[in-house]
Amino acid sequence: MPKQMTFGVIVGNRGFFPSHLAASGRLEMIAALEKQGYKAIVVSPEETAHGAVETYKEAEICAALFKKHADEIDGIIITLPNFGEERGLADALRLANLNVPVLIQATPDDTGKMAITHRRDSFCGKMSICNNLQQYGIKYSLTTLHTEAPDSPEFEADLKWFAGVCRIVRGFRNLRIGAVGARPAAFNTVRYSEKLLERSGITVDTLDLSEVLGRIGRLKDNDAAVEKKIAEIRAYVPTGHTPEAALIKMAKLGAVLDNWVETNRLTITSVQCWTSLEEFFGIVPCTVMSMMSQKLLPSACEVDTLGSLSMYALALASETPSALLDWNNNYGGDPNKAVCFHCSNLPKHFFNEGVKMDYQQIIAGTVGAENTYGTLDGKVKSGAMTFLRLSTDDLTGKIKGYTGQGSFTDDPLNTFGGAGVVDIPNLQKLLRYICENAFEHHVATNFSSSAVAVTEAASKYLGWDMYVHE
């Protein structure tokens with residue numbers, strides 16, 4: 001179940017504007033948050049005048065409250081029911097020093113209520129607070145429209161994307177990624193810099209494949225952890241003609257990875273597959289990885305650690321599972337369509353009805369079908385999708401990425417593994433960008449419209465270079 005999100009709220013007020021608007025605006029913002037299931041941390045009318053922040057003393061009171069709830073607060077919303085005192089608002093953020101995303105909302109004036117008793121001037125005040133926050137070195141986000149009422153559909157939509165921004169920023173803070181095994185020798189494309197990730201507060205913890213196989217070797221077929229995992233596998237996907245021996249191997253692999261992830265406080269993983277596990281253990285890890293991704297704990301194959309990070313950003317933004325796919329084939333002669341494919345470890349969330357466990361047809365030709373059971377085979381369902389690829393660029397010392405939106409279609413596709421047809425506007429422009437900027441052939445996808453949230457989080461709050469495809 002998703003964690004309830006909590007927002008710190010700072011209500012602006014400037015004394016020579018109608019203060020009753022600050023009092024009512026405070027209640028309107030709390031109601032807007034609670035309507036979407038969010039919790040508000042905000043000073044009360046007993047602590048400051050009208051429960052707003054105007055003076056330095058009130059900024060201190062607000063900051064102390066936020067510090068008390070620092071572990072809870074995912075982001076901060078500045079609401080301007082009237083012009084607002086820009087210094088007090090900026091001081092409150094500086095004193096709290098929470099380093100979380102900030103959204104600035106200004107309530108529109110009613111042209112029929114422009115007398116001194118009801119005039120807001122928040123249209124103008126929003127510019128002043130933005131100016132001050134830039135002077136203070138505080139990053140902030142803006143609503144889609146310059147002014148939006150807290151109870152408007154526009155602000156409701158903006159709250160949703162801002163929540164996604166906050167989940168990404170919090171989720172990436174002190175993130176620990178597990179990398180299992182060595183990068184397959186034939187996949188130079190998934191090379192990455194651990195040092196650049198560490199600079200962004202993201203740690204990679206490694207586990208050699210020999211240790212995984214060694215720990216598996218110590219497990220008995222009837223160990224409680226193995227029996228629990230095999231029951232989870234059977235409940236997760238139809239196992240078809242998969243031999244019992246292969247299911248036991250999958251369960252042992254899953255049990256070892258679960259223990260390692262829990263012991264080392266890891267969140268997401270990337271796993272060596274091609275073709276060590278098939279040759280020396282006798283299964284593909286696809287189902288085990290699919291189950292992790294289904295739980296919003298993405299797992300990417302071929303030790304594509306930046307692929308798993310891309311998956312996680314989308315999962316945080318949308319609170320739904322992500323998949324890692326290849327930009328794999330053209331689709332007929334349509335320049336805006338392509339086939340996205342993996343062999344596959346896609347989460348069950350991605351498939352139409354009828355997905356089943358099978359053997360991996362590509363690797364089977366090399367190591368034998370009996371050593372490649374565990375892949376998920378099915379057609380990707382249709383729906384709106386967001387794509388994302390993050391990458392470390394050692395030559396520039398930066399983390400970079402691209403993102404955009406399109407859709408999975410119902411176009412027919414007769415193939416194996418996990419595959420779907422994507423329709424993306426100006427796809428040829430995107431493909432040229434990928435090639436000219438040397439991005440990997442893997443891309444994370446998610447059934448959502450999350451490109452705006454991902455871009456805001458990555459570029460503004462994490463400081464990464466992002467390209468938005470349109």
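Just so it is clear, the model here is predicted, and its values are computed rather than measured. Residue indices begin from 1 for each chain and proceed along its sequence in written order. Only residues with pLDDT of at least 70 are given local features in this predicted model, and only at 80 or more are side-chain atom pairs given and counted; all residues enter the totals for whole chains, interfaces and linings. The basis for every side-chain value is the complete set of non-hydrogen atoms in the structure, without hydrogens or water.

1. What about the overall build of the protein chain?
Heads up, the condition is: Numbering of helices and strands starts at the N terminus; helices are DSSP runs of H or I of at least 4 residues and strands are runs of E of at least 2. Computation of the radius of gyration draws on C-alpha atoms alone. For the globule rule, the value is 2.2 Å times the number of residues to the power 0.38. Burial classes: relative accessible area under 20% of the type maximum marks a residue as buried, over 50% as exposed, and values in between as partly exposed (1.4 Å probe, protein chains only). By definition, residues are in contact when any of their heavy atoms lie within 4.5 Å.
For the protein chain, the helix and strand inventory stands at 15 helices and 18 strands. Computed over C-alpha atoms, the radius of gyration of the protein chain comes to 25 Å, within 12% of the 23 Å expected from 2.2 N^0.38 for 470 residues, which places it in the range of a compact globule. Along the longest, intermediate and shortest principal axes, the C-alpha atoms of the protein chain span 80 × 50 × 45 Å. Taken over 470 residues, the protein chain has a buried fraction of 58%. Considering only contacts in the protein chain between residues 6 or more positions apart, those separated by 24 or more positions represent 77%.

2. Structural notes on the packing of aromatic side chains
When we look at a pair of aromatic rings, we describe it by the centre distance and by the angle of the planes. To keep things clear, this is the line we draw: Pairing of aromatic side chains requires ring centres within 6.5 Å, counting the rings of Phe and Tyr and the six-membered ring of Trp. Pairs whose planes differ by under 30 degrees are stacked, by over 60 edge-to-face, and all others tilted. Consider the ring centre and the ring normal. A charge sits over the ring if Lys NZ or Arg CZ is within 6 Å of that centre and within 35 degrees of that normal.
All told, the structure shown has 16 aromatic pairs when counted by the stated rule. Taking the centre distance of 4.8 Å and the plane angle of 55 degrees together, the rings of F350 and F447 count as tilted. With F350 in the loop between strand 11 (337-342) and strand 12 (356-359) and F447 in the loop between strand 17 (442-446) and helix 15 (451-461), this residue pair connects regions lying 97 residues apart in the sequence. Within the aromatic cluster, the residues linked to one another by ring pairs are W327, F387, Y402, Y433, F439 and Y467. The ring of F281 carries K249 above its face, with NZ or CZ at 5.7 Å from the centroid. Just above the ring of F439 sits the side chain of K400; from NZ or CZ to the centre is 4.6 Å.

3. Some details on the nonpolar core
Quick reminder of the rule: Nine residue types can take part in a nonpolar core, namely buried Ala, Val, Leu, Ile, Met, Phe, Trp, Tyr and Cys, and a core is a set of them joined through side-chain atoms within 4.5 Å.
M250, W327, Y402 and L430 are the most contacted members of the largest nonpolar core, which has 56 residues in total. When residues of this core are assigned to their parent elements, the largest contribution, ten residues, is made by helix 9 (residues 244-263). Those residues within four positions of M250 in sequence are excluded, and the remaining contacts are I233, T242, I283, T287, V288, M357, Y373 and G374. Of all hydrophobic cores here, the second largest spans 54 residues; its members include L33, V303, L324 and A457.

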